[in-house]
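An overview of the molecular structure
Residue strings, one per chain:
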Amino acid sequence: MTTDSAPGLDLRALAGEAHRVDDDVRKARADFVEAHAEEIYAELTDGRTRYLRLDELVRAAALAFPGLVPSEEQMAAERSRPQADKVGREIDQGIFLRGILRAPKAGPHLLDAMLRPTARAKRLLPEFLETGLVRMEAVRLERRDGVAHLTLCRDDCLNAEDAQQVDDMETAVDLVLLDPSVRVGLLRGGVMSHPRYRGRRVFCAGINLKKLSAGDIPLVDFLLRRETGYLQKIFRGLLTDDSWHSRFTGKPWTAAVDSFAIGGGTQLLLVFDHVLAASDAYLSLPAAKEGIIPGVANFRLSRIAGPRVARQVILGGRKLRADEPDARAIVDEVVRPDEMDAAIEGALARLGGEAVAANRRMLNLSEEPPEEFRRYIAEFALQQALRIYGADVIGKVDGFAVGSR
């Protein structure tokens with residue numbers, strides 16, 4: 001293929017050469033980070049004496065090591081574009097974070113940084129301790145009789161996940177774990193105003209595909225923050241270093257699923273201690289449909305439901321009805337919709353025992369050792385970055401975004 005203005009110019013060959021150059025640069029970058037991850041991280045954190053969250057770390061690296069990760073100016077330009085028009089600079093962030101998370105000293109330290117209370121939660125804590133109520137855009141948090149009720153309240157989008165919901169959920173989880181009067185946490189979807197589900201509760205519709213198409217689902221502040229932030233805090237606890245008994249403050253958690261838990265909604269259930277579902281609810285992880293990796297579900301679902309079911313759900317897009325046998329590996333109780341409130345009260349009472357926190361800590365340590373999680377999330381950092389820029393993903397989410405879920 002040639003052009004009149006440049007006889008003999010093979011545009012396809014040029015594009016291929018440009019891709020090879022870009023690939024060579026990224027390979028060199030990956031090799032450099034792998035070889036020097038400990039030194040890089042020590043420089044950025046003053047010898048691991050400072051705890052930088054993921055977003056803070058990539059910004060610090062951009063300043064200290066120009067060219068290693070995208071600059072803030074480059075990322076600002078990326079954020080202004082829809083996903084299809086981005087140049088994929090988050091792939092370079094994924095390369096960097098994979099190398100850091102793989103490093104035996106830097107990786108655990110970075111994950112510890114993500115388990116510390118956020119600045120926003122610290123600001124809101126006095127208000128929550130005094131009133132027992134915090135209202136945020138995506139989550140309403142209320143303490144009643146030692147139970148923290150977290151209600152997902154994005155009724156405009158059926159609680160589809162975006163960066164705002166991740167921020168609000170991490171804030172809420174921090175507040176629950178910081179409040180000494182809270183014994184147990186409960187997560188449930190609120191009542192919807194959406195025409196298809198008006199007056200009904202909905203748990204979660206998964207990732208907000210319209211936001212993904214618009215370029216508003218970031219790798220660091222959503223896809224990685226979600227997995228290493230509030231989901232890990234629910235599962236492992238908040239890192240407070242307050243007591244020699246344990247570095248972590250953890251509490252038992254219950255989830256109640258009304259209507260459905262799609263994608264990230266099902267991923268959430270895999271870190272809860274007790275899951276209830278209405279008999280007419282269903283679960284799904286539509287990874288094959290959307291073309292992305294369903295968070296840490298690939299790591300957890302095989303252990304919880306078995307490898308064959310995991311492949312059917314993740315690779316084949318199989319939906320699980322809450323009342324079918326294979327779903328019972330994820331759902332502890334299935335009740336009629338009109339019995340949900342009573343069943344929730346019973347579940348909360350059972351998780352209120354003195355020995356529950358200690359036993360759940362030991363169970364979680366046995367089921368998901370921190371080092372195994374770190375190995376998974378390191379590779380996930382890059383592979384998810386590559387997926388969100390895949391041509392197939394962009395084509396699919398653009399199509400999904402035209403209509404509603």
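Let me sum up the structure you'll find in this document. Nothing here was measured: the structure is a model prediction, and the numbers come from that model. (Residues numbered from 1 in each chain as written. Predicted model: local features only at pLDDT ≥ 70, side-chain atom pairs only at ≥ 80, totals over all residues. Heavy atoms only, no water.)

1. Here we look at the overall build of the chain
What the chain contains, in helices and strands, is 18 helices and 12 strands. The C-alpha radius of gyration computed for the chain amounts to 22 Å, which stays within 12% of the reference 22 Å derived for 405 residues, consistent with globular compactness. For the C-alpha atoms alone, the extent of the chain along its principal axes is close to 75 × 50 × 40 Å. Residue burial in the chain is summarised as follows: out of 405 residues, 54% are buried. (Helix = DSSP H or I, 4+ residues; strand = E, 2+ residues; numbered from the N terminus. Rg over C-alpha atoms; globule rule 2.2 N^0.38 Å. Buried < 20%, exposed > 50% of the residue type's maximum accessible area, 1.4 Å probe, protein only.)

2. Description of the nonpolar core
The biggest cluster of nonpolar side chains holds 106 residues, and the ones touching the most others in it are Phe96, Leu97 and Leu150. With near-sequence residues (within four places) excluded, phenylalanine 96 lies in contact with Val33, Ile40, Leu44, Leu57, Val58, Ala61, Leu68 and Val69. In this structure, Ala256, Ile344, Leu348 and Val356 belong to the second largest nonpolar core, which totals 14 residues. (Core = buried A, V, L, I, M, F, W, Y, C linked by side-chain atoms within 4.5 Å. Contact = heavy atoms within 4.5 Å.)

3. Some remarks on helix α9 (residues 219-228)
Across the 10 residues of α9, 9 count as buried, placing the element largely inside the fold. Among the residues of α9, those classed as buried are Leu219, Val220, Phe222, Leu223, Leu224, Arg225, Arg226, Glu227 and Thr228.

4. A look at the packing of helix α5 (residues 106-114) against helix α17 (residues 370-388)
For the pair α5 and α17, the least separation of the axes is 11 Å and the interaxial angle reads 90 degrees. The angle between α5 and α17 falls in the class roughly perpendicular. Every residue of α17 that contacts α5 at Gly107, Pro108 and Leu111 is listed here: Glu371, Phe373, Arg374 and Ile377. In terms of residue class, the contact of α5 with α17 is built from 4 nonpolar, 1 polar and 2 charged. (Axes fitted to C-alpha atoms, helices over the stretch in contact; angles between N-to-C directions. Parallel < 35°, antiparallel > 145°, perpendicular 65-115°, else oblique. Nonpolar A, V, L, I, M, F, W, Y, C, P; charged D, E, K, R; others polar.)

5. Details of the pattern of salt bridges
Under the criterion given, the structure shown has 42 salt bridges. Arginine 81 is the partner of glutamate 78 in a salt bridge, and the nearest nitrogen-oxygen pair spans 2.9 Å. Here glutamate 78 falls in the buried class, since its relative accessible area comes to 1%. One salt bridge in this structure joins arginine 154 and aspartate 162, with 2.9 Å as the shortest N-O distance. (Salt bridge = Lys/Arg side-chain N within 4 Å of Asp/Glu carboxyl O.)

6. Structural notes on the environment of valine 21
Along the polypeptide, valine 21 turns up in helix α1 (residues 11-44). For valine 21, a relative accessible area of 43% gives the class partly exposed. Distance from valine 21 to isoleucine 388, taken between C-alpha atoms, is 21 Å for residues 367 residues apart in sequence.

7. Some remarks on the packing of helix α13 (residues 297-305) against α17
It is at 10 Å that the axes of α13 and α17 come closest, and there the two elements cross at 135 degrees. Classed by the angle they form, the pair α13 and α17 counts as oblique. On the side of α13, the interface is formed by Asn298, Phe299 and Arg300, while α17 contributes Glu372, Phe373 and Tyr376. Across the contact of α13 with α17, the residue classes tally to 3 nonpolar, 1 polar and 2 charged.

8. A look at the side chain of aspartate 258
Summarising the element assignment, aspartate 258 is placed in the loop between β7 (253-257) and β8 (260-262). Within the structure, aspartate 258 has its side chain in polar contact with the side chain of arginine 188 (distance 2.8 Å). What aspartate 258 contacts, discounting residues up to four positions off in sequence, is Arg188, Arg201, Val202, Phe203 and Met340. (Polar contact = N/O pair within 3.5 Å; in protein donor to acceptor, adjacent residues only side chain to side chain.)

9. What to know about the sheet that holds strand β4 (residues 184-189)
Within the open sheet, the 7 strands sit side by side as β1-β2-β3-β4-β7-β9-β12. Their pairing is mixed. Both edges of this open sheet fall to β1 (133-135) and β12 (333-335), since each of them pairs with a single strand only. Strand-to-strand, the axes of this sheet are offset by a mean angle of 15 degrees, without reference to chain direction. Bridge analysis of strand β2 (residues 139-144) against strand β3 (residues 147-152) gives 6 bridges, and the strand direction is antiparallel. Its bridge partner lying in β3, arginine 143 is registered against alanine 148. (Pairing = 2+ DSSP bridges.)

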